[in-house]
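As a plain string of letters, each chain reads:
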Amino acid sequence: MVEVFKTNVQKKAQSKMLLCVLFEAFPSFEINFDLSDCDKVLRVEGDNIEASGIMVLIRGAGFKCELLD
């Protein structure tokens, strides 16, 4: 399963910090940012992804995050 999120993460340092947080919470998922995309996409691949949990972590760090269709 793959979930794709739109974020407002702008800098590589911000994405690295968020990846550390996400990998700690979801160690079995493959997670990456595409900051060159206009939606600053966060892609998460794995089994039983809880999109709401991912959004809570990203928003808790002060960033916008919403699920893309």
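Here's what I pulled together on the structure shown here. (Residues numbered from 1 in each chain as written. Predicted model: local features only at pLDDT ≥ 70, side-chain atom pairs only at ≥ 80, totals over all residues. Heavy atoms only, no water.)

### A look at the pairing of strand β2 (residues 30–34)
At step 1: The alternating pattern of β2 places Ile31 and Phe33 on a buried face, while none of Glu30, Asn32 and Asp34, on the opposite face, is buried.
At step 2: Both β2 and strand β3 (residues 41–45) contribute to a ladder of five bridges, which runs antiparallel. Pairing of Asn32 across the sheet is with Arg43, part of β3.
At step 3: Where β2 hands over to β3, the hairpin turn is made up of six residues, of which Lys40 adopts a positive phi near 45°. (Buried < 20%, exposed > 50% of the residue type's maximum accessible area, 1.4 Å probe, protein only. Helix = DSSP H or I, 4+ residues; strand = E, 2+ residues; numbered from the N terminus. Pairing = 2+ DSSP bridges.)

### Topic: unusual backbone geometry
At step 1: The backbone phi angle of Lys40 is positive, close to 45°, even though this residue is not glycine.
At step 2: By secondary structure assignment, the location of Lys40 is in the loop between β2 and β3.
At step 3: Judged by its relative accessible area of 17%, Lys40 is buried.
At step 4: Despite not being glycine, Asn48 has its phi angle at roughly 55°, a positive value.
At step 5: Along the polypeptide, Asn48 turns up in the loop between β3 and α2 (51–60).
At step 6: Classification of Asn48 as exposed rests on a relative accessible area of 69%.

### What about the sheet that holds β2?
At step 1: Read from one edge to the other, the open sheet built from four strands follows the order β2-β3-β1-β4, with strand pairing classed as antiparallel. Whereas interior strands pair on both sides, the edge strands pair on one side only; in this sheet they are β2 and β4 (65–67). For this sheet the average axis-to-axis angle between neighbouring strands, irrespective of direction, equals 25°.
At step 2: Across the sheet, helix α1 (residues 12–25) lies against β2 and β3, angled at about 160° from β2, the strand it touches most. (Axes fitted to C-alpha atoms, helices over the stretch in contact; angles between N-to-C directions. Contact = heavy atoms within 4.5 Å.)

### Quick notes on the side chain of Thr7
At step 1: In this structure, Thr7 sits in strand β1 (residues 2–7).
At step 2: Overall, the relative accessible area of 7% leaves Thr7 in the buried class.
At step 3: One polar contact links the side chain of Thr7 to the main-chain amide nitrogen of Val9, over a distance of 3.3 Å.
At step 4: The contact partners of Thr7, leaving out residues within four places of it in the chain, are Phe33, Asp39, Lys40, Leu42, Lys64 and Cys65. (Polar contact = N/O pair within 3.5 Å; in protein donor to acceptor, adjacent residues only side chain to side chain.)

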